[in-house]
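Examination of the molecular architecture
Residues per chain, in single letters:
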Amino acid sequence: MKQVWIMLSKVGISTWRIYEVTGYGPVFEEQPVDTIYPEESPEAKITMNCRARANPPATYKWKLDHMEIDLNAEGSHYSLAGGNLVISNPDKTVHVGKYSCLATNTYGTVISREASVQFGYLDLFSSEERSSVYVKEGQGAVLLCAPPPHYPAELSFRWILNEFPTFIIPDKRRFVSQITGNLYISKVDSSDRGNYSCIASSPSISKSVFSNYIPLEPQTERPIRKYPADLRVKFPDTTALVGQNVTLECFALGNPVPEVRWKKIDGHLPSNHEVRMTGTQLHLYNVQFEDGGTYKCEAVNSKGKDYHTARVSVEAFPEWVEHISSTEKDLRSDYTMSCKASGKPKPHIRWLKNGEPVDRNEMRFSSLTFDDSGMYQCIAENRHGVIYANAELRVFACAPTFERNPVKRVLAAKNGRVVIECRPKAAPKPAFSWSKDTELLSNSTRVFIWEDGSLEILNVTRADEGRYTCFAENDRGKANSTGDLLVMDSTKITLAPSNTDVKVGENTSMQCAASHDQSLDITFIWSLDGRVIDLHKDSQHYERTTNGSSNGELLIKNVQLKHAGQYTCTAQTPVDNITASAHLVVRGPPGAPGGVRIIEKTDKSVKLQWSRGADNHSPISKYTIQYKDQFSNDVWKNATTFPVNVEGNAEMTTVVDLIPWTDYEFRVIATNTLGTGDPSNPSPIIKTLEAVPVVAPSDVGGGGGASRELTITWTPVKPKYYYGPNFGYIVAFKPQDEQEWKRVAVADPQARRYVHKASDIPPLTEFQVKVKAFNVQGEGPYSLTAIIYSAQDAPAEAPAVVEARALSMESLQSHLCVCVSQVKYWESGQSEGQAETIGVSSRENHTKLENLRPYTEYIIEVRGYNSAGYGPPSHHFRVLTKKPPPDRAPKIIAKKVKGQSINIAWEQVEPMANESSIEGYRVLYRPEGQTTGTLYNTYKRNIDLPLPPNGNYVVEVRAHTEGGDGATTTVPRFLSWLLCLILSTWCLIVLKCSLKPLKEQI
């Protein structure tokens, strides 16, 4: 004898309980699967797997199309390897079909799921030459793939251009259908010229084939015409299975390239959708029944649109709702095996016993016999698939035995009820009787023997204590088992909780105490409205006080509205329990109102209605209405209402001072004496009605511009003040001395200027201008009238250059006579295209040109300009820049103190032939750390500088020429050097004085 546990099989479902048995029937661990055998496969065999766990071990048979395969037939291609079926040298004409495996032992037979064997192939494309495709540029083109014969049906497609591996990458303009394989080009252009080949690939047999090249010849057309969107790829009515993914395709020809949009006619697109391949594919992930419906793809371009609709139906593979499981049943007992499966279409249920069909819808047994034992299979099937549930039914008979489940010792509460179980293993079902001590018991008003053998005693007393024996007997034998009954004191509530009324945030407690049998432990359990309170998880609000083992007081801290309800205290011992309840009323701010909706609307108001929320035991005193519009950056603001105060008994009000043609949503908040509650859910979004604009553009002005133009400018009206669709501006203007205004409409709501061009506009003429807004409802008020001037004419004469001279090696100065000028200059050896330009203000009649090359001739041109444009250029002037100064700094040769000054001397700087002559020297005498000081000019090669009063000074010496200043020599930290000089002199004097007395002593 041994214990056996049979687990779930891999495909079907089969379970076993733990029993002492000598063996068990077959349970599949591996079953055959659908197989596609490539006709060109180098491996000349097919293996169909089958393995079952069984005791004793199973033997195996196989069926092909429900006919048993004769493994020993002469010339058979079949053989067994364990339970696996091996097909050697497969033949398409013989071995295609549906295979199933049968596993058998002494307990019965089970049959596996059916698995098909098919031969996969992908033929070559036709060798016929493909015709050239001629298409005008701008038109669409379709290149047909025409895949060759193949199995299975699933292929993937790609196209190459001219040579492998230059693949066509799908984009908004080009699309490869994975259903037909065709290549679609929405708008052909010259870059599409070339030879195209379709590649068809079969993932099942890992094979790809190429079509012959198809030449595409774009035909030049000028101008290129535009064509409306024309859908050429349209997804068909599609059936998807729950849990699977599905892809819908749409693609359109057209110029401009159409944009494809997707919609679900009877609702929103599912949350599990993704638009891929630049909009041409709608992919639905993990499809569910609610995703079914009519889908629409719409192709749109500037010339027109096209659309297509088709249905997506969602069906489902069979799935078990209830299935059979292995079990043991008593001889001559009743038993029903039940199987229920969901799926769409609704699955058909059929039964097998030991691998053979049983013509029943339900396996119902009355008075089971040993012949009913065996292996049963329930099969649910629809057009999408089949599922199996396997179970073993074992009918047994035995004399009663209490070996595994004897009568137990039982405790009972005084005055309570007790049940003593009697559960022997026996088949057929035995007859039961009971005795107490030596007294045989029978049914009475207080004592009952149940049908399953259990003994029930009501109103238990101390006299019921004793030894109780259960007797069980059937036609196979009899047995008995004895257990003791002990009677304990019953548990009683001595202090029950009482109804309590508190405010939100307060603390309160619920009392509960009980008496009980002192030999037993007692536990207090609290529940709120039937839900047990987890004191550890809810410790923030609940706590048990420690005041003796018989006290179960519950402390409730920081009471919230959610803590209101019926509290039940249960005092429980191992023998009995008793309960007592009380209500906790929590008063607090009101709950959120519900059902907020708009029942009327105008351009500036809406009538709002709502339903009262819970007042939480404190009357509602008022309501606050809040709104959020499309311009409020997702911020809720308090609304203005009529009447201003919304009383607590109201369920309707009018919101006023709204902005016309604006999207709004509203919410309602209730308040009572204990606070303000949570806001309601927002109302549906509504748009107020349109109205005539009331805000005029601001900052109206303008002027200037090109000749014969009047430029009018303004600050646009903010979108919140459009008040309706078709928003724009009316621009009115007239000369100062005329009466009639000219009006022009500007349709762009974001426009900031209008330029009126007319040959009769006189230059620099005063105009009055004003601007107002309009929309579909009418025109708003004008802005304030502004005075502007029309553009002046461009200068008619060239500026007169009075003088142009070189200032240094890299700067020139020009004197002009014109209001506003542009100076253009370039080296004489360069082209005018390399010229630099600078502008000169109308307040200046000269300018300085800097950063020029030294000793270089420059050409200068000057022209006047104003807002109307440029005048004619001046004559060209040529100017030579100065030679550069020497790049060598003066060399300091002496530094001497002379009374209150210091004399610094340097060597003469000798210029080179290409450098300017020395005109003198410049000496900058400045405090250290500063850039400014006293500048001295001298023609000599030395200078006397006053001694610094304090701090460190720096001396800079440089040569000066007509080409500018040369390199600088610096004498740093002048005071420190001077102090050292003075201190060293003082030391010599002191030393001389101290030596004189010493000499006199000698």
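Computed from a predicted structure; not experimentally measured.

1. Describing the nonpolar core
Ranked by internal contacts, the top residues of the largest apolar core, which has 23 residues, are Met48, Trp62 and Tyr99. Elements supplying a minimum of two residues to this core: strand 5 (45-48), strand 6 (51-55), strand 7 (59-64), strand 10 (84-88), strand 11 (97-105) and strand 13 (115-122).

2. Side note on the environment of serine 916
Inspection of the secondary structure assignment puts serine 916 in the loop between strand 86 (901-906) and strand 87 (918-927). For serine 916 and proline 725, which are 191 residues apart along the polypeptide, the C-alpha to C-alpha distance reads 75 Å. Within polar-contact distance, the side chain of serine 916 engages the backbone oxygen of lysine 883 at 2.6 Å.

3. A look at the UniProt feature "domain: Fibronectin type-III" (unreviewed entry) in the protein
What UniProt calls "domain: Fibronectin type-III" (unreviewed entry) maps, in this numbering, to residues 592-691, 696-793, 798-884 and 886-979. Secondary structure content for residues 592-691 is 0% helix and 50% strand, and the end C-alpha separation is 34 Å. Secondary structure across residues 696-793 divides into 0% helix and 50% strand, with the first and last C-alpha atoms of the span separated by 32 Å.

4. Comments concerning the UniProt feature "domain: Ig-like" (unreviewed entry) in the protein
The feature "domain: Ig-like" (unreviewed entry), as given by UniProt, occupies residues 26-118, 123-210, 228-313, 318-394, 400-486 and 491-579 in the numbering adopted here. Annotated as 4% helix and 56% strand, the span residues 26-118 places its first and last C-alpha atoms 28 Å apart. Secondary structure across residues 228-313 divides into 0% helix and 63% strand, with the first and last C-alpha atoms of the span separated by 31 Å.

5. A word on the sheet that holds strand 88 (residues 934-938)
Taken in spatial order, the 4 strands make up an open sheet running 88-87-90-91, and their pairing is antiparallel. Because the sheet does not close on itself, it has two edges, and the strands there are strand 88 and strand 91 (964-971). The average undirected angle you get between the axes of adjacent strands in this sheet is 20°. Relative to strand 90 (residues 953-961), strand 87 is paired through 9 bridges, and the arrangement is antiparallel. Looking at strand 90, one finds that leucine 924 is bridged to glutamate 956.

6. Side note on the packing of aromatic side chains
Summed over all chains, the structure comprises 18 aromatic pairs. Ring plane angle 40° and centroid distance 5.7 Å describe the contact between phenylalanine 235 and tryptophan 262, whose orientation is recorded as tilted. Taken together, the residues span a long stretch of sequence, with phenylalanine 235 in the loop between strand 23 (227-234) and strand 24 (238-241) and tryptophan 262 in strand 26 (residues 259-264) at a distance of 27 residues. By the burial criterion, phenylalanine 235 is buried, and tryptophan 262 matches it. Ring-pair connections join several aromatic residues into one group, and the members of that group are Trp714, Tyr722, Phe727 and Tyr729. Here the basic side chain of lysine 425 rests over the ring of phenylalanine 396, its NZ or CZ set 5.2 Å away from the ring centre.

7. Looking at the state of the cysteines
As used in these notes, a disulfide is a covalent bond between sulfur atoms, one from each of two cysteines. Considering all chains together, one arrives at 6 disulfides under this definition. Between the sulfur atoms of cysteine 250 and its disulfide partner cysteine 297 the distance amounts to 1.9 Å. Across the disulfide from cysteine 250 to cysteine 297, rotation about the S-S bond amounts to roughly -60°, and the bridge is consequently left-handed. Residue cysteine 250 is located in strand 25 (residues 246-255), and its partner cysteine 297 is located in strand 29 (residues 293-301); the two are separated by 47 residues in the primary sequence. The residues cysteine 250 and cysteine 297 share a single accessibility class, namely buried. One disulfide in the model links cysteine 512 with cysteine 569; its S-S distance is 2.0 Å. As the torsion about the S-S bond is roughly -80°, the cysteine 512-cysteine 569 disulfide counts as left-handed. You can see cysteine 512 sitting in the loop between strand 51 (508-510) and strand 52 (513-515) and its partner cysteine 569 sitting in strand 57 (residues 565-572), a full 57 residues away along the chain. Across this residue pair, the class does not change: cysteine 512 and cysteine 569 are buried. Cysteine pairing in the protein follows 1-2, 3-4, 5-6, 7-8, 9-10, 11-12, where each cysteine in a disulfide is numbered by its order in the sequence.

8. Considerations on the pattern of salt bridges
Here the structure, examined in full by the defined rule, presents 47 salt bridges. A salt bridge links arginine 261 to glutamate 259; its shortest N-O distance comes to 3.9 Å. Overall, arginine 261 belongs to the partly exposed group, its relative accessible area being 39%. Assessed through its relative accessible area of 39%, glutamate 259 is described here as partly exposed. Close ionic contact of lysine 264 with aspartate 266 constitutes a salt bridge, the shortest N to O distance being 3.5 Å. If you follow the salt bridges from partner to partner, you end up with Glu29, Glu30, Arg51 and Arg53 in one network.

9. A word on the sheet that holds strand 37 (residues 374-382)
Spatially, 31-38-37-34-35 is the arrangement adopted by the 5 strands of the open sheet, whose pairing is mixed. At either margin of the open sheet sits one strand with a lone partner, and together these are strand 31 (327-330) and strand 35 (356-358). Each neighbouring strand pair of the sheet contributes to a mean axis angle of 35°, computed without reference to strand direction. Across 4 bridges, the pairing between strand 31 and strand 38 (residues 385-396) is parallel. The residue of strand 38 that forms the bridge with aspartate 330 is phenylalanine 396.

10. Side note on the pairing of strand 91
Pairing of strand 90 with strand 91 involves 6 bridges; the strand directions are antiparallel. Directly across from valine 955, in strand 91, lies its bridge partner valine 971. Taking the residues that link successive antiparallel strands as the turn, the strand 90-strand 91 hairpin has 2 residues.

11. Comments concerning the environment of proline 589
Inspection of the secondary structure puts proline 589 in the loop between strand 58 (577-587) and strand 59 (594-601). Considered as a pair, proline 589 and threonine 676 are 87 residues apart in the sequence and their alpha carbons are 5.4 Å apart. In this structure proline 589 touches Val504, Leu561, Asn616, Asn672, Leu674, Gly675, Thr676 and Gly677, once residues within four positions along its chain are discounted.

12. Some thoughts on the side chain of threonine 969
With respect to the helices and strands, threonine 969 occurs in strand 91. In this structure the side chain of threonine 969 is engaged in a polar contact, spanning 2.2 Å, whose partner is the backbone oxygen of proline 890. Apart from the residues within four sequence positions on either side, threonine 969 is in contact with Ala889, Pro890, Lys891, Ile892, Val955, Glu956 and Val957.

13. A word on unusual backbone geometry
In this chain, lysine 344 is followed by proline 345 through a cis amide linkage whose omega measures 0°. Position of proline 345 relative to the elements: it lies in the loop between strand 33 (340-344) and strand 34 (348-353). Between alanine 427 and the following residue, proline 428, the backbone shows a cis peptide bond with an omega angle of -5°. By secondary structure assignment, the location of proline 428 is in the loop between strand 42 (425-427) and strand 43 (431-436). Despite not being glycine, asparagine 162 shows a phi value in the positive range, around 75°. Within the secondary structure layout, asparagine 162 lies in the loop between strand 17 (156-161) and strand 18 (174-176). For asparagine 162, a relative accessible area of 42% translates into the label partly exposed.

14. Observations regarding the confidence of the model for the protein
Taken residue by residue, the protein gives an average pLDDT of 88. The fraction at 70 or more is 92%. Predicted confidence is poor over residues 1-20, with pLDDT under 50, and the contacts of this stretch with residues over four places away or in other chains come to 65 contacts. In this model residues 982-1002 is a low-confidence stretch, pLDDT under 50, and it forms 0 contacts with partners more than four residues away in sequence or in other chains.

Cut-offs and rules
- Residues numbered from 1 in each chain as written.
- Predicted model: local features only at pLDDT ≥ 70, side-chain atom pairs only at ≥ 80, totals over all residues.
- Heavy atoms only, no water.
- Core = buried A, V, L, I, M, F, W, Y, C linked by side-chain atoms within 4.5 Å.
- Buried < 20%, exposed > 50% of the residue type's maximum accessible area, 1.4 Å probe, protein only.
- Helix = DSSP H or I, 4+ residues; strand = E, 2+ residues; numbered from the N terminus.
- Polar contact = N/O pair within 3.5 Å; in protein donor to acceptor, adjacent residues only side chain to side chain.
- UniProt positions renumbered as here; feature names shortened; annotations may be inferred.
- Pairing = 2+ DSSP bridges.
- Axes fitted to C-alpha atoms, helices over the stretch in contact; angles between N-to-C directions.
- Phe/Tyr/Trp six-rings, centres within 6.5 Å; stacked < 30°, edge-to-face > 60°.
- Lys NZ or Arg CZ within 6 Å of the ring centre and 35° of its normal.
- Disulfide = S-S within 2.5 Å.
- Salt bridge = Lys/Arg side-chain N within 4 Å of Asp/Glu carboxyl O.
- Contact = heavy atoms within 4.5 Å.
- pLDDT = per-residue confidence, 0-100.

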